[in-house]
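# Per-entry structural report
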Amino acid sequence: MRKSDLPQKTCATCGKPFTWRKKWEKVWDEVRYCSDRCRAGRKAISERKS
């Protein structure tokens, strides 16, 4: 399978597209962020707004 054929999503924090990874195979429906940095950054943004 070519990389261009893999499913893609858009990161909830940075808005950049990212592709499916083997380590996300079982939880792909739950993946929202492209990296740990974006996942941690999302929490910091929501805490500043409160």
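See above for the structure.
So, a few notes on the structure that sits alongside this text.

Reading guide: rules and limits
- Residues numbered from 1 in each chain as written.
- Predicted model: local features only at pLDDT ≥ 70, side-chain atom pairs only at ≥ 80, totals over all residues.
- Heavy atoms only, no water.
- Helix = DSSP H or I, 4+ residues; strand = E, 2+ residues; numbered from the N terminus.
- Buried < 20%, exposed > 50% of the residue type's maximum accessible area, 1.4 Å probe, protein only.
- Contact = heavy atoms within 4.5 Å.
- Areas by Shrake-Rupley, 256 points an atom, 1.4 Å probe, with all protein chains shown as cover.
- Core = buried A, V, L, I, M, F, W, Y, C linked by side-chain atoms within 4.5 Å.

With that settled, the discussion passes to the overall build of the chain. Helix and strand counts for the chain come out as 1 helix and 2 strands. Each helix and strand of the chain, placed in order from N terminus to C terminus, yields the pattern β-β-α. Burial status across the chain gives 20% buried among its 50 residues. Contacts in the chain between residues far apart in sequence, at least 24 positions, make up 12% of those at least 6 positions apart. Accessible area of the chain: about 4,400 Å², with a carbon and sulfur share of 48%.

Here we come to the nonpolar core. Cys11, Phe18, Trp24, Trp28, Val31, Tyr33, Cys34 and Cys38 together form the largest nonpolar core, which totals 8 residues. Once residues lying within four places of it in the same chain are set aside, the contact partners of Cys11 are Lys16, Phe18, Arg32, Tyr33, Cys34 and Cys38.

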